[in-house]
Structures are given as C-alpha cells and as structure tokens.
Amino acid sequence: MFLSVSSLATAPPGSPNEMSNLTMSAPTPTSQTSALTPAPNDNAVAPAVTAPAFDVRNLSIWYGEKQAIKNISIEIPAKTVTAIIGPSGCGKSTFLRCLNRMHELVPHTRVDGEILFHGENLYRPGSDPAMARRRIGMVFQKSNPFPTMSIEENVLVGLRLNGVRDRHILNERLERSLRMAALWDEVKNDLKKPGMSISGGQQQRLCIARAIAVEPEVLLMDEPCSALDPIATARVEELIRELRTRYTIVIVTHNMQQASRVSDKTAFFYVGELIEFGDTAQIFSSPRERKTEDYITGRFG
Amino acid sequence: MIAARHDNHRWRKIKSALASALSLLAAILVIAPLGLVFFYLLQKGAGSVNWAFFTQLPKPVGEIGGGMANAIVGTGELLALASLIGVPIGVLGGVYLAEYGNASSNWWLRFVADILNGVPSITWGVVVYGLIVLTFKSFSAYAGGVALGFMMIPLIMRTTEEVLLLVPNGYREASLALGISRWRTIIHIVMKTASKGIVTGILLALARIAGETAPLLFTAFGNRFWNRNLAEPIAALPLQIFSYAISPYEDWHRQAWAGALVLVVGIFVINVSVRFLTRDRAARVT
C-alpha cells in the first residue's frame, strides 16, 4: 500500500515474454515504435488461462438511427486489466457502459447481441440493472464525489443505500476501501471533511474507494486519468496495477502510453468496430492489423 | 488623421459614460419602489406597531385600539395548510419533470404549469369557492389553504425542476453505478444535493402567496375572532388590511398600515433567509 510515485521509475525489468517482444522487429520505423513500446514493467505477466469475465457476442448498439457499435465479439478475461483504445467517437465509452448497463440511461438506445457475464446473460429480460451494477462498478472520467457528503460518507454511501447498517462492517469496509485505493494514509484524520475538499487526484481515488466499497467483481474505468496531472495519473495507474489481482478491470483510455503501462490486454476500436484484440505487448510491438499500427504510431487519431 | 482619431476617442468616452449613467438610472429605478414602499409603510405604520397589535383581537366597531393577533396567526395557519398541499405536489411534480418525464409529457406539464402560474389569483378564489365552499356550505380555513396551495404548486414545481436539473448527471451516474436504485438515487443523492435549492423554491413560493388577498376573499373569508375550527372562516393579514383600509375609521386605517408593514417585513425576512441559503449553496456546490 505504501508504493510511492518513484517506484514507477524503478519498476522491475520486463519479463522474458516482453523482452522477446522488444527484439521482434516491428514493421514500423523504430523512431516511432521506441516511444510506444511498453516501458519495462511487470505488465506482461498476464494471467495464463482464466474463464472470461465477459463474453460479448455480436454486440451492436444504436443511438436512435446511429449505430455506435458494430457487431463486436470479444472475450474479456477475469482478473486482468483490459485497455480499450481508439480515436474519439469510436464507441469505446459506449461499449464500456454496455458492460454494466449504464448506456440504458440514454434514451432511444437499442442493443442487439449478447453479453454473458460469468456465463449469465447480462440483459436477461426482467433482470434489475442495479443488481448487475453492484457486481460491475464504474469509475468516471471526471471525479465525482457527492458534494453533500464527507469522505467517509462518500465511501460508504453504496453500502448504506443498499441497506448495510452494521457499524462494524461499515468501519471495516471504510478503512479497507480507502487502503485499497491508496488513500487511507492521506485522509485517515480527515474522514469527516467534505469529499470535495481534497485534491483532484485524491478525489478520483476516493471515487475508486467508493466503487470498491460495495465489493464488485469488475471495475470499469472511463478515462479515469484524463482530468489528472501526471503525478496523480501515476498514482492512479499504480493503483490499477495493484487492483488487478482482485478485480477484472476494463479501462478506456485516450492515452496509448497509459494503455501500454497498465494493461495486460488491449482492444483497438475504430468507428464502432473491434479492429484488433490481443496481449498489450503484442498490440504495441507487432500489431496484426494495418489500422492498429497506423493508430498506435500516430498516423491518425 | 490624429485629430480625427482623438475626436473619435473622446466621442467613444462620452458614449460609454452615457451608457453607464443610463444603466445606473435604470438600477435606481428598480430599487426605488422598494425603498418607497418600505419607507412609506414605516412612516405610516411604525407608530401603530405595538405590543397590543401582536397580542390583541380587533376591538368592536367604534372602540379604539385592539390588534391583529388573530390575523397574524391565521396567515400562519393558512400558509401551513397551503404548504401541506403545495409542497408535496409541487416538489414531486418537479421531480417528475427533472427525473422521469419524457420530452413530450414534460413539454405539456411545463406548458400547463406556466399557464397556471399566470392564472389571476382571484380565479383560484372562485374555483375553490365553487369546489369547497359551496360543497361544504361554509367559508373555511381549509378552503383558503387549498386556494393558496393550488397557487404554490406550479411555482414550486418549476423551481424544483430547475434546481434538480442543475445537479450534474455525473452524480446520478455515480450513484446508479454503485447499484443504488433509481428512486434512492433521486432521494438520497439528487434531492439531497439540491436540497437548499428546493427549500429556496418553497420559501419563495411562500413569500409570493403570503400577501395574496384575492384567493382568500371568498374562501377563508376573514374572522374578527380566533379561529377555533379549521372548517370555519379564519382571519388573514391581507384580508384584515383590505377590510380595514376600505373602512371609514381613522383608527382602522392606522392599523391597516401597521398590518401592511408587518406583512412586508415578514416577506422581507423570508427573502433574506433565501439569500442566506443560496449564498451557502453556491459556496458548497462550486
């Protein structure tokens, strides 16, 4: 829990797997790839074989007449960080929101296809989206602690409003969630202060603590660092790497370096289609698709 | 060239000064009526606002003295009755508009609310007279409360809607993403965040109807004694001011001024507390 920012710079050298990726000759000019190949870190030790958390089959989504997602099939592994990259408007966020039914808040949305979450149909008719969302939490682009609540109340609101009253459980969850979000030491003496009184980076970690307090199995993150400065970003990225042993994490990001730093798997979306999905190291060093290569080397997007 | 530019510059300065002066004048004209009302009422009424005014019943015709205790309490009771109707319906209507309604139902609801806001207050009196006074064959505090309550509904509904819409969507999403149900999200997150704004809307509606006379003329009717039963006529400050002001007695005129002063000060106090609340809210939300 006491990892500092500096530990990022002194991350352990890459695994053999990654080294082999580095030696593989990428089809792009080296000057560009060198900037984009994953920095040596422990990312590439992806869990070997796990049952997928999400099994998405032929998913299409329409907003009114506009089709945002076109027939996507993808298996998102459990206890792994999966990054979704792609240019603006490519359907990344839409796809992410489908994974916990948040897209249903937008009127005139239509979904076709199937999402199995640990084998269960997420969209089973008559099922309560709130139940799905308890298991599949979300962290948003803009940190949004509830303004009327203290730090403590923010962390516990999900439990309280779902009926947990036991003070012992609440206290225990409060400390554990804040520790897991690497925020405990910074706020333990200010738990009664407003959630809005801490810095932007701390607020985002507070939102992560709030999301994990209800003990979900999945954390969906929609550009969680885009409003943060580099130091706060490093802090949150470090946190994501720590959390992946317990959670299935799906992170949408505009920042390809971030995807390469934090994720095990990367999916590249382009105008509503899934162009390529694979191990992060492979996607960034030897993409199979021309479009992926063009995007990660900065030819467009 | 240079001279021309210099002239131009001077002309622009004159225009600017003129515009400032005109807007200052307009601002003064806005404030002036308030000052006039206040100072005129103070001058005419302050001398008659005394302990007896707040504690005594009106004296029988012809006797000097007495007060408006029953009317002051009556106005309080009528406002409380009106709130029982206006606050829940108005707030829930605002919640529907902001959180549930679809575009076309909302368009109609807002349209109706705006028309209701524009309905002359005497109309509410007539409607409630027909609905309640004729049905129960008696003027009553209930009828007055209903008439005022009807007036509050559209006012509160629109202000509640507005302050709920000011709550950023991110809070609703964050709450729903925690697996919190829709109605709990609305009550515990959205309405809690907007609570000061909702209270502000309620207070403004109260301030707006506190001085209404027309809806009470043939509903609450007025009463020279204490109201012991809400099913019977009740005194109200605006009614008492009205009947005293058109009376032929010098002493009643004096008391009408005092009543008007008390009413205006009461409304002023409500508005100041609204200011206080909104200032605090602004400090917290931003």
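Residues numbered from 1 in each chain as written. Chains lettered and ligands numbered in written order. Predicted model: local features only at pLDDT ≥ 70, side-chain atom pairs only at ≥ 80, totals over all residues.

Asks: Give a description of the overall build of chain B that names residues and reports values.
Replies: Looking only at helices and strands, chain B features 12 helices and zero strands. The N-to-C order of helical and strand elements in chain B reads α-α-α-α-α-α-α-α-α-α-α-α. Its C-alpha atoms give chain B a radius of gyration of 24 Å, more than 25% over the compact-globule value 19 Å for 286 residues. For chain B, the spread of C-alpha atoms along the principal axes amounts to about 80 × 65 × 30 Å. Once local pairs closer than 6 in sequence are excluded, the contacts in chain B between residues at least 24 apart make up 74%. (Helix = DSSP H or I, 4+ residues; strand = E, 2+ residues; numbered from the N terminus. Rg over C-alpha atoms; globule rule 2.2 N^0.38 Å. Contact = placed C-beta atoms within 7 Å.)

Asks: Can you lay out the interface of chain A and chain B for me, pointing to particular residues and giving the numbers?
Replies: Each partner contributes residues to the interface: chain A has 21 residues there, and chain B has 17 residues. Only α5 (129-135), β6 (136-139) and α6 (151-160) of chain A provide two or more residues apiece to the side of chain A that touches chain B. Residue contributions to the side of chain A that touches chain B peak at four residues, all from α5(A). Looking at the side of chain A that touches chain B residue by residue, the classes come out as 11 nonpolar, six polar and four charged. (Nonpolar A, V, L, I, M, F, W, Y, C, P; charged D, E, K, R; others polar.)

Asks: Explain the sheet that holds strand β1 (residues 52-63) of chain A to me, and be specific about the residues and the numbers.
Replies: Strands belonging to one sheet form pairs held by backbone hydrogen bonds; the direction of such a pair is parallel or antiparallel. Residue and element names in this part refer to chain A. Taken together, four strands build an open sheet; the order of strands is β2-β1-β4-β5 and the sheet is antiparallel. Each having just a single partner strand, β2 (66-77) and β5 (120-121) make up the two edges of the open sheet. Of the strand pairs in this sheet, β1 and strand β4 (residues 109-117) are connected by eight bridges, and their pairing is antiparallel. Bridged to Ser-60 within β4 is Asp-112. (Pairing = 2+ DSSP bridges.)

Asks: So, the pairing of strand β3 (residues 81-85) of chain A: which residues are in play, and what are the values?
Replies: All names here are of chain A. Of all five residues in β3, five are buried, a share of seventy percent or more. The alternating pattern of β3 places Val-81, Ala-83 and Ile-85 on one face and Thr-82 and Ile-84 on the opposite face, and all of these are buried. The pairing of β3 with strand β8 (residues 248-252) spans four bridges and is parallel. Bridging from a neighbouring strand, Ala-83 pairs with Ile-251 of β8. Where β3 lies against strand β9 (residues 265-270), four bridges are found, and the strand directions are parallel. Bridge assignment links Ala-83 to a residue of β9, and that residue is Thr-266. (Buried ≥ 20, exposed ≤ 12 C-beta atoms within 10 Å, placed from the backbone.)

Asks: Residues and numbers for helix α7 (residues 169-177) of chain B, please.
Replies: If you check which residues of α7(B) are buried, you get Tyr171(B), Arg172(B), Ala174(B), Ser175(B), Leu176(B) and Ala177(B). For α7(B), the elements touching its buried residues are α5 and β6 of chain A together with α8 (182-193) of chain B. One or two steps after α7(B), the chain reaches Gly179(B), where phi turns positive at roughly 80°.

Asks: Go over the confidence of the model for chain B, please, and point to the residues and values.
Replies: Residues and elements named next belong to chain B. Within chain B, residue pLDDT values average 90, and 95% of them lie at 70 or more. Ignoring residues within four places in sequence, the model shows residues 282-286, a span with pLDDT below 50, making two contacts including any to other chains. As a predicted assembly, this complex carries a pTM of 0.80 together with an ipTM value of 0.79. (pLDDT = per-residue confidence, 0-100.)

Asks: Residues and numbers for the pairing of β4(A), please.
Replies: Residues and elements named next belong to chain A. Pairing of β4 with β5 involves two bridges; the strand directions are antiparallel. Residue Leu-116 lies in a different strand from β5, and its bridge partner there is Asn-121. Counting the residues that bridge the hairpin from β4 to β5 gives two residues, and of these His-118 lies at a positive phi of roughly 45°.

Asks: Can you break down the confidence of the model for chain A residue by residue, with the values?
Replies: Model confidence for chain A is summarised by a mean pLDDT of 83, while 83% of its residues fall at 70 or above. Counting contacts from residues 1-48 of chain A, a segment whose pLDDT is below 50, to residues more than four positions away or on other chains yields 68 contacts.

Asks: Break down the sheet that holds strand β10 (residues 273-279) of chain A for me, citing the residues and quoting the values.
Replies: Residue and element names in this part refer to chain A. Reading across the sheet, the six strands line up as β6-β7-β8-β3-β9-β10 and stay open at both edges, with mixed pairing between neighbours. The outermost strands of the open sheet, each flanked by one partner alone, are β6 and β10. The average angle at which neighbouring strand axes cross in this sheet is 20°, direction not considered. (Axes fitted to C-alpha atoms, helices over the stretch in contact; angles between N-to-C directions.)

Asks: So what about the packing of helix α7 (residues 167-180) of chain A against helix α9 (residues 200-213) of chain A? Which residues, and what values?
Replies: Residue and element names in this part refer to chain A. Two elements in contact, α7 and α9, have axes separated by 8 Å at closest approach and are oriented at 130°. Taken together, the axes of α7 and α9 lie oblique to each other. Our pair here, α7 against α9, has a crossing hand that is right-handed. Contacts between α7 and α9 involve Arg-173, Ser-177, Leu-178 and Met-180 from the former and Ala-209, Ile-212 and Ala-213 from the latter. Counted by class, the contact of α7 with α9 contains five nonpolar, one polar and one charged residues. (Parallel < 35°, antiparallel > 145°, perpendicular 65-115°, else oblique. Left-handed = near helix turned anticlockwise from the far one by under 90°.)

Asks: Tell me about the environment of Gly137(A), and name the residues and values.
Replies: Structurally, Gly137(A) is set in strand β6. For Gly137(A), a count of 26 C-beta atoms within 10 Å translates into the label buried. On a C-alpha basis, the gap between Gly137(A) and Asn100(A) in space is 7.5 Å, while along the polypeptide they are 37 residues apart. In this structure Gly137(A) touches Ala211(A), Ile212(A), Val214(A), Pro216(A), Val218(A), Leu219(A), Leu220(A), Ala177(B) and Leu178(B), once residues within four positions along its chain are discounted.

Asks: Describe the environment of Arg205(A), with residues and values.
Replies: All names here are of chain A. Position of Arg-205 among the secondary structure elements: in helix α9. Taking the C-alpha atoms as reference points, Arg-205 and Leu-178, 27 residues apart in sequence, are found 8.3 Å from one another. For Arg-205, the contacting residues outside a window of four places in its chain are Ala-181, Ala-182, Leu-183, Val-236 and Leu-239.

Asks: An account of the environment of Gly259(B) is requested, with residue identities and associated values reported.
Replies: Residue and element names in this part refer to chain B. Within the secondary structure, Gly-259 sits in helix α12 (residues 250-285). According to the C-beta neighbour criterion, Gly-259 is buried, with 29 such atoms within 10 Å. Along the primary structure Gly-259 and Tyr-244 are separated by 15 residues, whereas in three dimensions their C-alpha atoms are 9.5 Å apart. If we ignore the near neighbours within four places in the chain, the residues touching Gly-259 are Met-68, Ala-71, Leu-237, Gln-240, Ile-241 and Tyr-244.

Asks: Give me the lowdown on the nonpolar core, citing residues and values where you can.
Replies: Among the nonpolar cores identified, the biggest contains 150 residues, and Ala209(A) and Ala220(B) are the most heavily contacted of them. With 15 residues, the single largest contributor to this core is helix α6 (residues 141-165) of chain B. In this structure, Ala220(B) is in contact with Leu78(B), Phe139(B), Ala141(B), Ala143(B), Gly144(B), Pro233(B), Ile234(B), Ala236(B) and Leu239(B), ignoring residues within four places of it in sequence. (Core = buried A, V, L, I, M, F, W, Y, C linked by C-beta atoms within 7 Å.)

Asks: Help me get a handle on the packing of helix α3 (residues 69-100) of chain B against helix α9 (residues 195-210) of chain B, residues and values and all.
Replies: Residue and element names in this part refer to chain B. Orientation of α3 relative to α9, taken along the N-to-C sense of each, is 135°, at an axis distance of 10 Å. In this view, α3 runs oblique relative to α9, as classed from their interaxial angle. For the element pair α3 and α9, the recorded crossing hand is right-handed. Two secondary-structure elements touch here, α3 through Thr-75, Leu-79, Ala-82, Gly-86, Val-87 and Val-91 and α9 through Ile-198, Ile-202, Ala-205, Leu-206, Ile-209 and Ala-210.

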